[in-house]
Amino acid sequence: MIYILIIIAGIVLDRITKIYAVKHFINNPRSGSLINLTYLENRGAAFGILQDKRILFVILTIAIVIYLLYYFITNLKSNPLVLNIAFSLIISGALGNFYDRLFQGYVVDFIEFAFVDFPVFNIADIFVTVGCGLLIIYILFHGEKRS
């Protein structure tokens, strides 16, 4: 099934890039005109909020992923393609960062925009963001019409 492949590929890509970042960017960050490749241990959530609340994030991630998987599996055949892809990306990204939090106590971030002040992020964050973006687009243009 294509959606399982998306989830697995996303987790694997996230792990590989984080391992690479740990090996190469801790002592040797790379600067560019668009993207900087650096190393950061994020012990919080998006934008570094709620620092050192590991247990909260582990419990919250488990609850969200279980709900998303349940909804995803029970509605797989009736959901449109874009919705299934969105859920696959969100689940993949959530599990990628969950792995870091569970086994390391922090999430490895390493991608930074060079041209704007924006938090450092990783591949799992990109998957969650793109998945949420697809979900928002779907809801805006295809959500239930209310009178």
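Bear in mind the structure is a predicted one, so any value in this text is a computation, not a measurement.

Caption draft 1: Geometry of the overall build of the protein chain. Summing up its helical and strand segments, the protein chain has 4 helices and 2 strands in all. Reading the helices (α) and strands (β) of the protein chain from amino to carboxyl end gives α-β-α-α-β-α. By its C-alpha atoms, the protein chain is 55 × 35 × 30 Å across when sized along the principal axes. With 147 residues in all, the protein chain has 37% of them scored as buried. Accessible surface, the protein chain as shown: approximately 9200 Å² in total, 69% of it carbon and sulfur.

Caption draft 2: Main features of the UniProt feature "active site" (unreviewed entry) in the protein chain. Per the UniProt record, "active site" (unreviewed entry) is annotated on Asp109 and Asp125. Sequence-wise these annotated residues cover 17 residues; spatially they are packed, their C-alpha atoms never more than 8.9 Å apart. Tracing the chain through its elements places Asp109 in strand β2 (residues 107-113). A distance of 3.2 Å separates the side chain of Asp109 from the side chain of Asn42, its partner in a polar contact. With respect to the secondary-structure elements, Asp125 resides in helix α4 (residues 123-142).

Caption draft 3: View of the confidence of the model for the protein chain. This prediction gives the protein chain a mean pLDDT of 89; 91% of its residues lie at or above 70. By mean pLDDT, helix α2 (residues 54-74) is the weakest element of the protein chain at 86, and helix α1 (residues 2-24) is the strongest at 96.

Caption draft 4: Structural detail: the packing of helix α3 (residues 81-103) against α4. Relative orientation of the contacting elements α3 and α4 amounts to 150°, with a least axis distance of 7 Å. Taken as axis vectors, α3 and α4 run roughly antiparallel relative to one another. Remark: the crossing between α3 and α4 carries left-handed chirality. Across the interface between the two elements, Val82, Leu83, Ile85, Ala86, Phe87, Leu89, Ile90, Ser92, Gly93, Ala94, Gly96 and Asn97 from α3 touch Ala124, Asp125, Phe127, Val128, Val130, Gly131, Cys132, Leu134, Leu135 and Tyr138 from α4. Partitioning the contact of α3 with α4 into residue classes produces 16 nonpolar, 5 polar and 1 charged.

Caption draft 5: Main features of the pattern of salt bridges. Using the criterion set out here, one finds 4 salt bridges in the structure. Across the pair Arg43 and Glu41 runs a salt bridge, and its minimum N-O distance is 2.9 Å. Its relative accessible area of 32% is what places Arg43 among the partly exposed residues. Among the charged side chains, a network of salt bridges with common partners joins Asp14, Arg15, Lys18 and Asp100.

Caption draft 6: The arrangement of the nonpolar core in detail. Counting residues in each nonpolar core, the largest one holds 11 residues, listed as Ala21, Phe25, Tyr39, Leu89, Tyr106, Val108, Phe110, Ile111, Phe121, Ile123 and Phe127. Broken down by secondary-structure element, the contributors of at least two residues to this core are β2 and α4. If one sorts the elements of this core by residue count, β2 sits on top with 3 residues. Apart from residues no more than four positions distant in its own chain, Ala21 is found in contact with Ile26, Tyr39, Val108 and Phe110. In this structure, Leu68, Leu83, Ile91 and Tyr138 belong to the second largest nonpolar core, which totals 10 residues.

Caption draft 7: Fine view of α3. Spanning 23 residues, α3 covers 33 Å between terminal C-alpha atoms, matching the ideal 33 Å at 1.5 Å per step. Just downstream of α3 lies Gly105, where phi reads positive at about 90°.

Caption draft 8: Representation of the UniProt feature "transmembrane region" (unreviewed entry) in the protein chain in the model. Mapped onto this numbering, the UniProt entry annotates "transmembrane region" (unreviewed entry) at residues 55-74, 81-99 and 119-141. Helix makes up 100% of residues 81-99 and strand 0%, and the two end C-alpha atoms of the span are 27 Å apart.

What counts and how
- Residues numbered from 1 in each chain as written.
- Predicted model: local features only at pLDDT ≥ 70, side-chain atom pairs only at ≥ 80, totals over all residues.
- Heavy atoms only, no water.
- Helix = DSSP H or I, 4+ residues; strand = E, 2+ residues; numbered from the N terminus.
- Buried < 20%, exposed > 50% of the residue type's maximum accessible area, 1.4 Å probe, protein only.
- Areas by Shrake-Rupley, 256 points an atom, 1.4 Å probe, with all protein chains shown as cover.
- UniProt positions renumbered as here; feature names shortened; annotations may be inferred.
- Polar contact = N/O pair within 3.5 Å; in protein donor to acceptor, adjacent residues only side chain to side chain.
- pLDDT = per-residue confidence, 0-100.
- Axes fitted to C-alpha atoms, helices over the stretch in contact; angles between N-to-C directions.
- Parallel < 35°, antiparallel > 145°, perpendicular 65-115°, else oblique.
- Left-handed = near helix turned anticlockwise from the far one by under 90°.
- Contact = heavy atoms within 4.5 Å.
- Nonpolar A, V, L, I, M, F, W, Y, C, P; charged D, E, K, R; others polar.
- Salt bridge = Lys/Arg side-chain N within 4 Å of Asp/Glu carboxyl O.
- Core = buried A, V, L, I, M, F, W, Y, C linked by side-chain atoms within 4.5 Å.
- Expected span 1.5 Å × (residues − 1).

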